[in-house]
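Reading the structure
Okay, here's what each chain looks like letter by letter:
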Amino acid sequence: LNVDYINEFERMENYIKGEFQLPKTFAEALRLAADQQEQLENLKLENKEKDKQITELKPAKEYVDKILSTEDTMTITQIAADYGLSGLRLNQILHQERIIRNVGGQWLLYTEHMNKGYTRSETIIIKRKDGTEKVVPATKWTQKGRLKIHQTLTELGILANVDKEKKFS
């Protein structure tokens, strides 16, 4: 029992000596204090930089939060216009990327994208050439869906018109 106690004591003592060496001279103590002060100043600078980044990003985050919380929806043609595309072309791209598929004339999300709040189905009335009306389902995109489209197109290298203007100015 005493041997175990002594061995454990020696193990702890060696651990402490290996982890943290107490300065043995006044010069070592000053060097240690200077090193710690330098680390503290570096951390303060990092914190200031991160605070600056947070301050710069806060308005953008608030804007995105506001946009995502809106109940408004958009047609694919409206979103496509932001990219200089036709609604038909944007539907083709989203189909190639396995986001939407055409079912009975309506573009619907693939299963893995359903129930994420990207789209809403609405019923619209369209007038035929002969004057009669036809009721058809239509897919409208939420702001969250619009963001998904933006992320998808950006990954494909397709920039929104506003981003193209920034890139060339």
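Keep in mind it's a predicted model, so treat the numbers as computed, not measured. (Residues numbered from 1 in each chain as written. Predicted model: local features only at pLDDT ≥ 70, side-chain atom pairs only at ≥ 80, totals over all residues. Heavy atoms only, no water.)

Along the backbone of the protein there are six helices and five strands. The helix and strand sequence of the protein, counted from the amino end, reads α-α-β-α-α-β-β-β-β-α-α. The buried share of the protein, reckoned over its 169 residues, is 17%. Within the protein, contacts between residues at least 6 apart in sequence are counted, and of these 47% link residues at least 24 apart. (Helix = DSSP H or I, 4+ residues; strand = E, 2+ residues; numbered from the N terminus. Buried < 20%, exposed > 50% of the residue type's maximum accessible area, 1.4 Å probe, protein only. Contact = heavy atoms within 4.5 Å.)

Right, let's talk about the sheet that holds strand 4 (residues 119-127) for a bit. Within the open sheet, the three strands sit side by side as 1-5-4. Their pairing is antiparallel. Both outer strands of the open sheet, strand 1 (73-74) and strand 4, are each paired with one neighbouring strand and no more. When strand 4 meets strand 5 (residues 133-142), the two strands line up antiparallel, connected through nine bridges. From the neighbouring strand, Ile-126 faces strand 5, where its bridge partner is Lys-134. (Pairing = 2+ DSSP bridges.)

Let us look at the pattern of salt bridges. Applying the stated criterion across every chain, the model contains four salt bridges. Between Asp-82 and Arg-146 there is a salt bridge; the shortest N-O distance is 2.8 Å. Here the residue Asp-82 occupies a position in the loop between helix 3 (76-81) and helix 4 (87-96), and Arg-146 occupies one in helix 5 (residues 143-155), the gap between them amounting to 64 residues. Judged by relative accessible area, which is 28%, Asp-82 ranks as partly exposed. Residue class for Arg-146 comes out partly exposed when judged on its relative accessible area of 30%. (Salt bridge = Lys/Arg side-chain N within 4 Å of Asp/Glu carboxyl O.)

Taken as a whole, helix 4 has its buried residues at Gly-87, Leu-90, Asn-91, Ile-93 and Leu-94. When helix 4 is viewed along its axis, its buried side chains cluster within an angular range of 160° and face the same direction. For helix 4, exposure combined with an orientation more than 90 degrees from the buried face picks out Leu-88 and Gln-96. (Arc of directions from axis to C-beta.)

So, about the side chain of His-113. Note on placement: His-113 falls in the loop between strand 3 (106-109) and strand 4. According to the relative accessible area criterion, His-113 is buried, its value standing at 11%. Within the structure, the side chain of His-113 is placed 3.3 Å from the backbone oxygen of Arg-98, a separation counted as a polar contact. With residues up to four places along the chain from it excluded, the contact list for His-113 reads Arg-98, Ile-99, Tyr-118 and Lys-148. (Polar contact = N/O pair within 3.5 Å; in protein donor to acceptor, adjacent residues only side chain to side chain.)

Looking now at the nonpolar core. Counting 16 residues, the largest nonpolar core has Ile-79, Leu-90, Leu-94, Trp-141 and Ile-149 as the members making the most contacts within it. Among all residues touching Leu-94, those that are not within four sequence positions of it are Ile-76, Ile-99, Ile-100, Trp-141 and Ile-149. (Core = buried A, V, L, I, M, F, W, Y, C linked by side-chain atoms within 4.5 Å.)

The backbone of Arg-98 shows a phi angle near 60°, a positive value even though the residue is not glycine. Its location among the elements puts Arg-98 in the loop between helix 4 and strand 2 (100-103). Exposure remark for Arg-98: the relative accessible area of 44% places this residue in the partly exposed category. Despite not being glycine, Asn-115 shows a phi value in the positive range, around 60°.

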